[in-house]
Amino acid sequence: SKAFLCVAMAKLVAGEGLAIDVATGGELHLALYAGLDPATIVFHGNNKSEAELERALRAGVGRVVADSFAELDRIDELVSRGLRVPSVMVRVTPGIEAHTHEYLETAVDDSKFGFGLGSGDALAATQRVIASPTTTFAGLHCHIGSQVFRSDSFDRALDRMVGLIAERSE
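Just so it is clear, the model here is predicted, and its values are computed rather than measured.

Participant: Would you mind going over the environment of Leu18 with me for this structure?
Facilitator: Structurally, Leu18 is set in the loop between helix H1 (7-15) and strand E1 (20-22). Leu18 sits in the partly exposed class, given a relative accessible area of 46%. Taking the C-alpha atoms as reference, Leu18 lies 9.2 Å from Ile41; in sequence the two are 23 residues apart. The residues contacting Leu18, other than those within four sequence positions of it, are Val13, Leu36 and Thr40.

As structure tokens, then:
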């Protein structure tokens, strides 16, 4: 869906029984229009509006990937108004350099995507989602960038994610 989302592509995905990522209300609309089972939709995006989140919750999307405390606040508000409790993944920014073009890199500490690991926000967000009656914890999400040419960047991200899981388990 990230490279080429259109109705025909979404119908192909649905026909194969696969899941799909969407990052905007428009992409969500297209996926639903194409007949994807809402439970197979993962709603990404670092700037989801309240209206987009409301549409996703009403449709029954499978997972929402949360990028900020403000987004968690919007989810809390929507659920308090009677919408269903969503399964939420916490997007973690592991604070690594991914060896790609700076515009494609999403894992550095000052990224606009996700909760920073180094700042403690990733752990705090994870604890909040787990403890909250307005969310069901569905896991952690990490994306380090596109067109990454060195595999050790993935190794470092994985090490940091495992460290977060170990910290959460203590």
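Moving on, there is more to tell.
Participant: How do you make sense of the packing of aromatic side chains when you look at a structure like this?
Facilitator: Two aromatic rings are characterised by how far apart their centres lie and by the angle between their planes. This model, assessed by the stated rule, comprises one aromatic pair. Between the aromatic rings of Phe69 and Phe115, the centroid separation amounts to 4.9 Å while the plane-to-plane angle is 70°, which identifies the pairing as edge-to-face. Taken as a pair, Phe69 in helix H4 (residues 69-80) and Phe115 in strand E5 (residues 115-116) lie far apart in primary sequence, 46 residues in all. For Phe69, a relative accessible area of 28% puts it in the partly exposed group. Residue class for Phe115 comes out buried when judged on its relative accessible area of 2%. The ring of Phe43 is capped by Lys48, whose NZ or CZ atom sits 5.5 Å from the centre of that ring.

Participant: Looking at this structure, how should I read the confidence of the model for the protein chain?
Facilitator: Reading fine detail from the predicted coordinates is not recommended where pLDDT is low. For the protein chain, the average pLDDT comes to 84, and 81% of its residues sit at 70 or higher. Looking across the protein chain, the model is least confident in helix H6 (residues 152-169), with a mean pLDDT of 69, and most confident in helix H3 (residues 50-59), with 97.

Participant: I would appreciate a short explanation of the pattern of salt bridges in the present structure.
Facilitator: In a structure, side chains of opposite charge can pair up when their charged atoms sit close to one another. Applying the stated rule across the entire model yields six salt bridges. Between Arg58 and Glu54 there is a salt bridge; the shortest N-O distance is 2.9 Å. With Arg58 and Glu54 both in helix H3 and four residues apart, the pair spans about one turn of that helix. What makes Arg58 exposed here is its relative accessible area of 58%. The salt bridge partner of Arg128 is Asp76, with a shortest N-O separation of 2.6 Å. Placement of Arg128 in helix H5 (residues 121-131) and of Asp76 in helix H4 is noted, with a sequence separation of 52 residues between them. The exposure class of Arg128 is partly exposed, given its relative accessible area of 25%. Overlapping salt bridges bring together Glu50, Glu77 and Arg81 as one network.

Participant: When you look at the environment of Ala31 in this model, what are you seeing that I'm missing?
Facilitator: By secondary structure assignment, the location of Ala31 is in helix H2 (residues 25-33). Relative accessible area serves as the criterion here: at 0%, Ala31 is assigned to the buried category. Separated by 21 residues in the primary sequence, Ala31 and Ala10 place their C-alpha atoms 5.9 Å from one another.

Participant: Help me understand the packing of H2 against H3 in this model?
Facilitator: Axis angle and axis distance: for two packed helices, these are the angle between their axes and the distance between the axes, and together they describe the pair. One can describe the packing of H2 onto H3 by two numbers: an axis separation of 9 Å at closest approach and a directional angle of 25°. Considering their axes alone, H2 and H3 lie roughly parallel with respect to each other. Between H2 and H3 the crossing geometry is left-handed. Contact residues: H2 offers Gly25, Leu28 and Leu32, while H3 offers Glu52, Arg55, Ala56 and Ala59.

Participant: Which parts of the structure should I look at to understand the packing of H3 against H4?
Facilitator: Where H3 contacts H4, the axes come no closer than 10 Å and their chain directions differ by 55°. With respect to H4, the axis of H3 lies oblique. For the pair H3 and H4, the crossing hand works out as right-handed. Facing H3, whose interface residues are Glu50, Leu53, Glu54 and Leu57, H4 presents Glu71, Arg74, Ile75, Leu78 and Val79. Class assignment of the residues belonging to the contact of H3 with H4 gives a composition of five nonpolar, no polar and four charged.

Reading the values: the criteria
- Residues numbered from 1 in each chain as written.
- Predicted model: local features only at pLDDT ≥ 70, side-chain atom pairs only at ≥ 80, totals over all residues.
- Heavy atoms only, no water.
- Helix = DSSP H or I, 4+ residues; strand = E, 2+ residues; numbered from the N terminus.
- Buried < 20%, exposed > 50% of the residue type's maximum accessible area, 1.4 Å probe, protein only.
- Contact = heavy atoms within 4.5 Å.
- Phe/Tyr/Trp six-rings, centres within 6.5 Å; stacked < 30°, edge-to-face > 60°.
- Lys NZ or Arg CZ within 6 Å of the ring centre and 35° of its normal.
- pLDDT = per-residue confidence, 0-100.
- Salt bridge = Lys/Arg side-chain N within 4 Å of Asp/Glu carboxyl O.
- Axes fitted to C-alpha atoms, helices over the stretch in contact; angles between N-to-C directions.
- Parallel < 35°, antiparallel > 145°, perpendicular 65-115°, else oblique.
- Left-handed = near helix turned anticlockwise from the far one by under 90°.
- Nonpolar A, V, L, I, M, F, W, Y, C, P; charged D, E, K, R; others polar.

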